[in-house]
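What follows is each chain in one-letter form.
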Amino acid sequence: MRHFKHPAWAGVLCLFGSISTFAQTDPINVVTSAVPFLRISPDARAGGMGDLGVATSPDVNSQFYNIGKYPFANNRSGLGVTYTPWLKDLGLNDVFLASVAGYYKIDDEQALSASMRYFSLGEIQFTDNFGNDLNKAQPWEMGLDVGYSRKLSDRLGLGVAMRYIYSNLASQTVINGVSYKPGSAVAGDIGLYYSNQDALGDGLSLGLSLTNLGSKIGYTDDVNARDFIPANLTLGGVYTRVVNEVNKVSFGLDIHKLMVPTPPNLSDSAALASYRSKGVVGSWFSSFGDAPGGFSEELREFYFSIGAEYMYKGAAGQVPGKKATWPWLRAPTSSRHAEQRSHRGCPNKCTEQGRPLARRRAPNADHTVARTGRKQEAATSQTLRAVEAWG
């Protein structure tokens, strides 16, 4: 059982994530936002690479990182479901993050996609300043979105998404005469993806993503007490190297910037009122230069994701949206064609079947050609099976 005092702040502020990093000798000026669950990587691939995802190869979870990647996906459609227990080592079994994402390619140029994230905070016992029990609640938050993406060229893709956000943190709780209720907001994403990989998959891919661009969210009827949601800018790149026909490695870097104003000291009522009154669109731009400590502090509000990926017999050798082509795996289409090629250079006149005239053949030439054809046909079959398994 968890206890919190002042549900208005405890239920909200304890969930706000710290984005900035500071040296231990510097004062901490944490940039915060509401609904921080929207910044949690729900899938294992991106999570295992330090939240790297804006320029990685397209997969079913691209909706969470860069929607512009979907038109380059190799499959026509996809569906992914994830479940992540949260704080399980602390004995909490009712705190978890669940997500589902899917896409469908209308044609080779366009794709539709959708996703949902659900974050459960488990059962919480709220108390007042003196430790007296107030009420129990089971806070939860959800994000539901739909998107459309298309290719602008053979290498460039653009996608947009619209998102509905619902946050029920301290519903039906009254503190000092203030009634708290669930909050909701509407936001959008814009994703741009560029792939410069060659026919084998070697090369660089770049991504740019603007996520959670939307309205503020509030938990009371006071319009001046609404909070910013985690609007974010991510720019990244991934370099992929195909080592051979079964091995591929990728290295990537993402740069993130939370486009939320730096909050003032809570004891400064005038600055706090100014912070609350900032417009949404203006706050996105002012967030790049509003750190109290100047440019050096502003740089600390950027953070980086660095990751690497190794794949064995996965999508190696494939360019997003293209089939794999391996020139060293090309094979004759039939044993007859192979037989004809083997006799094209003979100095004597050949028959329609590509065989030399009888007067120039060795005594067992027919049997030799038949055995050769069977061997080449078997080798061709094995090669084609390998190509099918690879693709």
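Since we're looking at a predicted model, the values are computed, not measured.

How each quantity is defined
- Residues numbered from 1 in each chain as written.
- Predicted model: local features only at pLDDT ≥ 70, side-chain atom pairs only at ≥ 80, totals over all residues.
- Heavy atoms only, no water.
- Helix = DSSP H or I, 4+ residues; strand = E, 2+ residues; numbered from the N terminus.
- Contact = heavy atoms within 4.5 Å.
- Salt bridge = Lys/Arg side-chain N within 4 Å of Asp/Glu carboxyl O.
- Buried < 20%, exposed > 50% of the residue type's maximum accessible area, 1.4 Å probe, protein only.
- Patch = residues over 30% accessible without salt bridge, like charges linked within 9 Å, V, L, I, M, F, W, Y side chains within 5 Å.
- Areas by Shrake-Rupley, 256 points an atom, 1.4 Å probe, with all protein chains shown as cover.
- Lys, Arg positive; Asp, Glu negative; His and termini not counted.
- Charge placed at Lys NZ, Arg CZ, Asp CG, Glu CD.
- Core = buried A, V, L, I, M, F, W, Y, C linked by side-chain atoms within 4.5 Å.

(A) Region of the structure containing the environment of Pro182. By secondary structure assignment, the location of Pro182 is in the loop between β10 (178-180) and β11 (183-195). Once the C-alpha coordinates of Pro182 and Pro139 are considered, the two residues, 43 residues apart in sequence, prove to be 9.4 Å apart. Among residues more than four places away in sequence, those in contact with Pro182 are Tyr166, Ser167, Asn168, Ser171 and Gly218.

(B) Up close: the pattern of salt bridges. Scanning the model with the defined rule gives 10 salt bridges in all. Here Glu301 makes a salt bridge to Lys257, at a shortest N to O gap of 3.4 Å. Within this pair, whereas Glu301 is found in the loop between α5 (295-299) and β15 (302-312), its partner Lys257 is found in strand β14 (residues 247-258), the two being separated by 44 residues in sequence. Of the two residues, Glu301 and Lys257, both sit in the buried class. Sharing partners across several salt bridges, the network here consists of Arg45, Asp59 and Glu309.

(C) Quick look at a negative patch on the surface. On the surface, a cluster of negative charge is contributed by Asp107, Asp108, Glu109 and Asp154. With respect to the helices, strands and loops of the structure, Glu109 is situated in the loop between β3 (95-105) and β4 (110-121).

(D) Looking closely at the environment of Ala161. Its place among the elements puts Ala161 in strand β8 (residues 156-168). In this structure Ala161 comes out as buried when scored by relative accessible area, which is 6%. Not counting residues within four places of it along the chain, the set of residues in contact with Ala161 comprises Gln63, Ile67, Val146, Gly147, Ala187, Gly188 and Asp189.

(E) View of the environment of Gly47. Mapping Gly47 onto the fold places it in helix α2 (residues 44-48). In this structure the C-alpha to C-alpha distance between Gly47 and Gly307, which are 260 residues apart in sequence, comes to 9.7 Å.

(F) Local environment of the nonpolar core. Membership of the largest hydrophobic core comes to 23 residues, with the highest contact counts inside it found for Val35, Phe37, Phe119, Ile165, Ile217, Tyr219 and Ile229. For this core, the secondary-structure elements that each account for two or more residues are β3, β4, β5 (124-127) and β11. Ile67, Tyr70, Ala73 and Ala161 belong to the second largest nonpolar core, which has 7 residues in total.

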